[in-house]
Structure formats: C-alpha cells, structure tokens
Amino acid sequence: MGTARHNLRVDGARLWSSLMETAAFGATPAGGINRLTLSPEDGQVRDWFRNACEAAGLTVGTDELGTQFALRPGRDSTRPPVATGSHLDTQPTGGRFDGILGTLAGLEVVRTLNDAGIETEAPILIVNWTNEEGSRYAPATMASAAHVGTFTTADILARTDVDGVSVADALDKLGIAATEPTGSRTIGAFVELHIEQGPILEAEDKTIGVVEGGQGILWFDGTITGFESHAGTTPMPRRRDAFAGLAEVALAVERIARAHGPSAVGTLGEAVIGAPSRNVIPGRVRFTLDIRDPRAATLDAIDAELRAALAEIAGRRNLGFTLDLVWRQEPVPFDPGIVALIERGADSLGLPHRRMVSGASHDACNLALKVPTAMIFVPCKDGISHNEAESATQFDCTAGADLLLQTLLTLANAPVTPPRA
Ligand code: HGY
Ligand code: MN
Ligand code: MN
C-alpha cells in the first residue's frame, strides 16, 4: 500500500469537544462514566452518535444486536468499506476514553474529509459495537464476535444480566430495532484507535502504539459450596467456610499468574456470597476469573493449574466447587500489511511509536479473524483504565486520530486487493 497523505489533519479541538460532551452520558461524581451496555445512558450516547453521524451525511444501520454502522459512500460503491470505530459502553467504573475515543475519532475522520471535500474510492464505515466491555453481559466483545460468526445471534440475544434481563429485552426496552441481520454488513478492513489501557507508551514517551495483535483470554464462572452455620457457636475446626476457601482461590490465581509471568495475568474480579449475613458462616459463593497471556499453551497450563489448586483447597476444607470456562479468545495476530502501514504513517507524521501486543481485548480481535485488521494505541495517564481516573491528552487523542485518518485514507484509496485466501 502507498504512503499516507501528509497534509490533512483532523480538528483536534472538535474531537475533544465531542469526547467531553458525550462524557455527560453516565457521568459519575468522581469524573468517570458508568454507561453499561444497553442501559438508559448507553441509549442516550447511541442517539447522540446516530444524530452526529447523520448530520455528517452518513447513513446509519443497526443489526440485531444493536451494533450501529454509519456509512460514508465512496466513489466505487462496489468496494467493501474500510471500517473503523470501537464501542460506546463502559465499565461501571469507566473512564472518558475507553472505546469512545475510537468511535468518535472515526466520526472526526469523516467530518475532516467532509470539510476538505474529499471523496474516497472505497466507502468509509464507522462502527459502534454493542457490549464490548462484557461487564453486564458475558462475554466481552460479544457483538463483534457474533458479527464474525463465533456466536449465533440467538445465543447472544438470550444472554442475561444479574437481574435476569436478556440482551433481547434490553434492546427492546431502549427501542433499538434492527435494520439488518447480524453479520450481513460487509467490511473490507478494520482499523481501531484505542487508549493503551496500560503503562508502556507513557513510560517510554511514545505517542503511538502500533498494535500487532491481541493476547489470549480465558473467562471462568465458578462456585464454592460449604455449609451455612452459626458464627458464634461453630468451632473453627468444624467450619466449611465457602468464602475462606475463595480467599485461598484468589491467592492461588495470583500465585499461578505470577509463576507464568511476566506476560500472564489473572484476576478474580467478582465474588458474591449467597445470602450474606454478618453472623452466618458463608455457605455459598459465586466468583469469576479473567486469565490472559499472549501464548495459547500458557493459557492451557494455567487452566489445568487452576483446577488442581481448586481441587486441593476444596478437598482440604471439605468444600464443593465448580469452575466453568465460559469464554476463550485465542491470541490473535493483526494484519502485517496494515501494521506496517500504521508504522509508516506514524513515521511520516513524526510521531514516536513502538510495536506492541494488546493486553486488553478489543472488537478488532474478533474482526481480525475475518478481515485485515489492526489497531492504533495512544497513551493514557499512568496506564490507568477501567477506573474513573482514566485520562488522556488532547494532543495524544488528536495524534491518534491523525494517524487513523492517514491509515483509512490510504486503505480506502489503495488499488483493490483480492480478498485474503
Ligand atoms: O476486558 C477487556 O480487555 C476490554 O477492555 N473489555
Ligand atoms: Mn475498550
Ligand atoms: Mn474496557
């Protein structure tokens, strides 16, 4: 692919203003965002996004899982669109950049092309993927996974949250009606801009992360069963304390992940005591695990070691347990040609950069299974994300959007390349 056009730049102030304006949807007193997927707040930001896209001359479609596709026509409507975008949902303690930066940077690219009166050969598509976060409904990135066929639409529509509300009901409640079947939207290539959500770029004083792929992920749902009994009358040796068992599991997760370090990470992110009471020994707990590593073989090893640790803890404490693998995402490489294009674009823009693998999962990790895909990272302060203190600078967001603009322009005007074998 040719080199990027160097003279076009986004309007960084306009991008920043859109980021700050949309931060109002789900804003928390601590300055973060709580905008769970398909919540009323998500509905508000989706309406804002659709109105802004339509005001920029895009036509917006919605698939059966609520994913929004905003299309800017190209000169050659027979070419598959070059796509960008990300997500608009957040974690409960989310920040103002995770996901929405990539989605609004796509809008800023279109606004810049409109201002410059530039028409691309291939169409440009901006996507807001439903439920990237996986917090309200598991798994994460479920809509882009369904788009590429990893899950059926029916399976995802039936997923329920902790209150038993299904994805289908949540879509209904927001009045989100499909205009196209899931997976029917053609995409020729996908480039996603995102904050790094880790400390590397900032520590190395780099503006751009040239992302070569995503690491592998295991998500487990687990239970531990002991025996409820009186907190005052049950001698310590006679207890079957489910939560004390879970405490040992949490330490085992940390030990096992460290043993496979430095790349492996392990988190026990949710723990719920069934029928909690100050003066009852916990008899039932539910928990979830998130395990990641760039190596598939390491994920297998950690899976086996976790099960062995659980069996030992439960055996010694006379507890029952279950551990179900509910999601496995294989490590995924991004398209070397687009990765190299991003790297050349960063050089041509004079942006310090480095190659890296994404620690977080992204919708791009699913798209990469089907179409040429890559990602651009920009730093976030102290590497903090999934935290209300998440922060990025206007300069870095603008630099990332400029590189996204150059990359999309090059891809959309490149000679038509045959589909990957
Ligand atoms: O969990 C993840 O990696 C993503 O940020 N949802
Ligand atoms: Mn994200
Ligand atoms: Mn996230």
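Residues numbered from 1 in each chain as written. Chains lettered and ligands numbered in written order. Predicted model: local features only at pLDDT ≥ 70, side-chain atom pairs only at ≥ 80, totals over all residues. Heavy atoms only, no water.

**Let's talk about the coordination of the manganese ion (ligand 3)**
Binding of the manganese ion (ligand 3) to the protein goes through D98 (OD), E133 (OE), E133 (OE) and H386 (NE2), at separations of 2.2 to 2.4 Å. Written as a sequence motif, the donor arrangement for the manganese ion (ligand 3) is D-x34-E-x252-H. Taken as an interatomic distance, the gap from the manganese ion (ligand 3) to the manganese ion (ligand 2) is 3.5 Å; D98 donates to each of them. Pair noted here: D98 is in the loop between β3 (82-86) and α3 (100-116) and E133 is in the loop between β4 (124-128) and α4 (142-147), with a separation of 35 residues, a long-range link. Given a relative accessible area of 6%, D98 falls into the buried group. (Donors = N, O, S within 2.8 Å, 3.2 Å for Na, K, Ca; no water. Helix = DSSP H or I, 4+ residues; strand = E, 2+ residues; numbered from the N terminus. Buried < 20%, exposed > 50% of the residue type's maximum accessible area, 1.4 Å probe, protein only.)

**A short note on the pairing of β4**
Summarising burial for β4: five of the five residues are buried, a large majority. By the alternation rule, side chains of β4 split into I124, I126 and N128 and L125 and V127, which are all buried. Sheet topology places strand β2 (residues 68-72) next to β4; five bridges connect them, and they run antiparallel. Within the sheet, the bridge partner assigned to Q68 lies in β4 and is N128. Pairing geometry for β3 and β4, over five bridges, is parallel. Residue G85 lies in a different strand from β4, and its bridge partner there is V127. Following the backbone out of β3, through α3 and into the adjacent parallel β4, one traces a crossover that is right-handed. (Pairing = 2+ DSSP bridges. Right-handed = clockwise from strand over helix to strand, strands pointing away.)

**A short note on the domain arrangement of the protein chain**
By the assigned domains, the protein chain splits into domain 1 (12-215 + 331-412) and domain 2 (216-329). Just the C-alpha atoms count here: the centres of domain 1 and domain 2 sit 33 Å apart. On the side of domain 2, 13 residues touch domain 1, which itself brings 16 residues to the contact. Summed over both sides, the interface of domain 1 with domain 2 buries roughly 990 Å², with 58% coming from carbon and sulfur. The largest share of the area that domain 1 buries against domain 2 comes from Q215, P331 and S361, three residues that together contribute 53% of it. Where domain 1 meets domain 2, there are zero salt bridges. Across the domain 1-domain 2 interface, the total number found is four residue pairs in polar contact (both at pLDDT 80 or more). Taken together, the residues that form the side of domain 1 that touches domain 2 break down as eight nonpolar, seven polar and one charged. (Domains from an automatic or database assignment. Contact = heavy atoms within 4.5 Å. Buried area = accessible area lost by both parts, 1.4 Å probe. Salt bridge = Lys/Arg side-chain N within 4 Å of Asp/Glu carboxyl O. Polar contact = N/O pair within 3.5 Å; in protein donor to acceptor, adjacent residues only side chain to side chain. Nonpolar A, V, L, I, M, F, W, Y, C, P; charged D, E, K, R; others polar.)

**Some remarks on the site of ligand 1**
In the vicinity of ligand 1, the contacting residues are E132, E133, Q197, R292, A360, S361 and H386. Here a nitrogen atom of ligand 1 and a side-chain polar atom of E133 are 3.1 Å apart. In the environment of ligand 1, an oxygen atom lies 2.6 Å from a nitrogen or oxygen atom belonging to the side chain of R292. Considering ligand 1 on its own, with 210 Å² of exposed area, one finds that the protein chains cover 95% of that surface. (Near = heavy atom within 4 Å. Areas by Shrake-Rupley, 256 points an atom, 1.4 Å probe, with all protein chains shown as cover.)

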